[in-house]
Amino acid sequence: MLRKVSGGCLCKKIQYKALGEPKWVSVCHCRMCQKAYGNTSAIFAAFSKGQLQFTSGLPKYFQSSDIAKRGFCIDCGSPIVFSYKSLDAVFVGTLDDPENWQPNGVHLGIESKIPWDVIHDKLPQYRTEEDPEFIAASSSDNTVIK
Ligand SMILES: [Zn+2]
Ligand SMILES: [Zn+2]
């Protein structure tokens, strides 16, 4: 059975729905996600860019590196979306029903993991430079998808 997927920011100005279920849900421990989320890690559900539709408002984007941008709500500050320029994927962590989407992908950015933030699952762990999506997004041979 297909489960409805939706999400949005704290003040509810920005809301989205997904056409389909997340491709996977992963956890990123990199320093940039720690700063952007104000936490020890960030949980991301992955969708194709065309799968995620904003139904209310739009995020403001911060270009966090040459290859990636992060969208957030300008009113309440909630981090909404992360995407690489050259990958057909968007990552969101503000789902309305996160209890339905337990991480089933990988742990990323493991080089910056806070030692007391103990991982209790058996999902694969990658350093940022070993992350297949980061490698694909960093490759200059890659076709840019807007
Ligand atoms: Zn908001
Ligand atoms: Zn990260």
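Preceding block: the structure.
Not measured: the values here are computed from a predicted model.

K.L.:
Any chance you could explain the pairing of strand β7 (residues 68-72) here in plain terms?
P.N.:
As a general feature of sheets, a regular strand has side chains that alternate between the two faces. By the bridge criterion, four bridges tie strand β6 (residues 60-63) to β7 in an arrangement that is antiparallel. Across the sheet, Q63 pairs through a bridge with K69, a residue of β7. Between β6 and the antiparallel strand that follows it, β7, lie four residues. Both β7 and strand β8 (residues 79-84) contribute to a ladder of five bridges, which runs antiparallel. Across the sheet, A68 pairs through a bridge with Y84, a residue of β8. Here β7 hands over to β8 after six residues, with G77 in that stretch at a positive phi of 85°.

K.L.:
What should I look at first to understand the sheet that holds strand β1 (residues 5-8) in this one?
P.N.:
Backbone hydrogen bonds are what pair the strands of a sheet, in a parallel or an antiparallel way. With respect to topology, three strands assemble into an open sheet ordered β1-β2-β5, the strand pairing being antiparallel. Single-partner strands in this sheet number two, and they are β1 and β5 (52-56). On average, adjacent strands in this sheet sit at an angle of 25° to one another, irrespective of strand direction.

K.L.:
Explain the nonpolar core here, please?
P.N.:
Across soluble globular proteins, nonpolar side chains show a tendency to be buried alongside one another. Counting 27 residues, the largest nonpolar core has C28, F44, I80, V90, F91 and V92 as its most contacted members. Looking at this core, the elements that each hand over two or more residues are β3 (24-28), β4 (42-47), β8 and β9 (90-92). With five residues, β4 is the single largest residue contributor to this core. In this structure F91 touches F44, A45, A46, V81, F82 and S83, once residues within four positions along its chain are discounted.

K.L.:
Mind showing me how you'd approach the sheet that holds β9 here?
P.N.:
Ordered by their spatial adjacency, seven strands build an open sheet running β6-β7-β8-β9-β4-β3-β10, and the pairing between neighbours is mixed. Sheet topology places β6 and β10 (107-108) at the edges, where each strand pairs with a single neighbour.

K.L.:
Looking at this structure, I do not really get unusual backbone geometry. What am I missing?
P.N.:
Note on backbone geometry: most residues besides glycine have negative phi, and most peptide bonds are trans. We note that K12 has phi near 75°; this positive angle belongs to a residue other than glycine. Mapping K12 onto the fold places it in the loop between β1 and β2 (15-18). Judged by the 13 C-beta atoms lying within 10 Å of it, K12 is partly exposed.

K.L.:
Whenever I open this one, the pairing of β3 confuses me. Can you help?
P.N.:
Within β3, four of the five residues are buried, which leaves the element mostly enclosed by the surrounding structure. In terms of strand pairing, β3 meets β4 through five bridges, oriented antiparallel. Bridge assignment links C28 to a residue of β4, and that residue is A42. Here β3 pairs with β10 via two bridges, running parallel. Within β10, the position partnered with V27 by the bridge is H107.

Rules used in this analysis
- Each chain carries its own residue numbering, running from 1 in the direction its sequence is written.
- The order in which chains are written sets their letters, starting at A; the order in which ligands are written sets their numbers, starting at 1.
- Only residues with pLDDT of at least 70 are given local features in this predicted model, and only at 80 or more are side-chain atom pairs given and counted; all residues enter the totals for whole chains, interfaces and linings.
- Whether two strands pair comes down to DSSP finding at least two bridges between them.
- A run of H or I in DSSP counts as a helix once it spans at least four residues, and a run of E counts as a strand once it spans at least two, with each numbered from the N terminus.
- Between the N-to-C directions of two axes lies an angle of 0 to 180 degrees, each axis being a line fitted to C-alpha atoms and, for a helix, fitted only over the stretch in contact.
- For the purposes of this analysis, a nonpolar core is taken to be any set of buried Ala, Val, Leu, Ile, Met, Phe, Trp, Tyr and Cys residues that are connected through C-beta atoms within 7 Å.
- Exposure classification rests on a simple neighbour count of other C-beta atoms within 10 Å of a residue's own: a residue reaching 20 or more is buried, one at 12 or fewer is exposed, and one in between is partly exposed. C-beta atoms are placed from the backbone.
- In this description, a residue-residue contact is defined by the distance between C-beta atoms placed from the backbone, which must lie within 7 Å.

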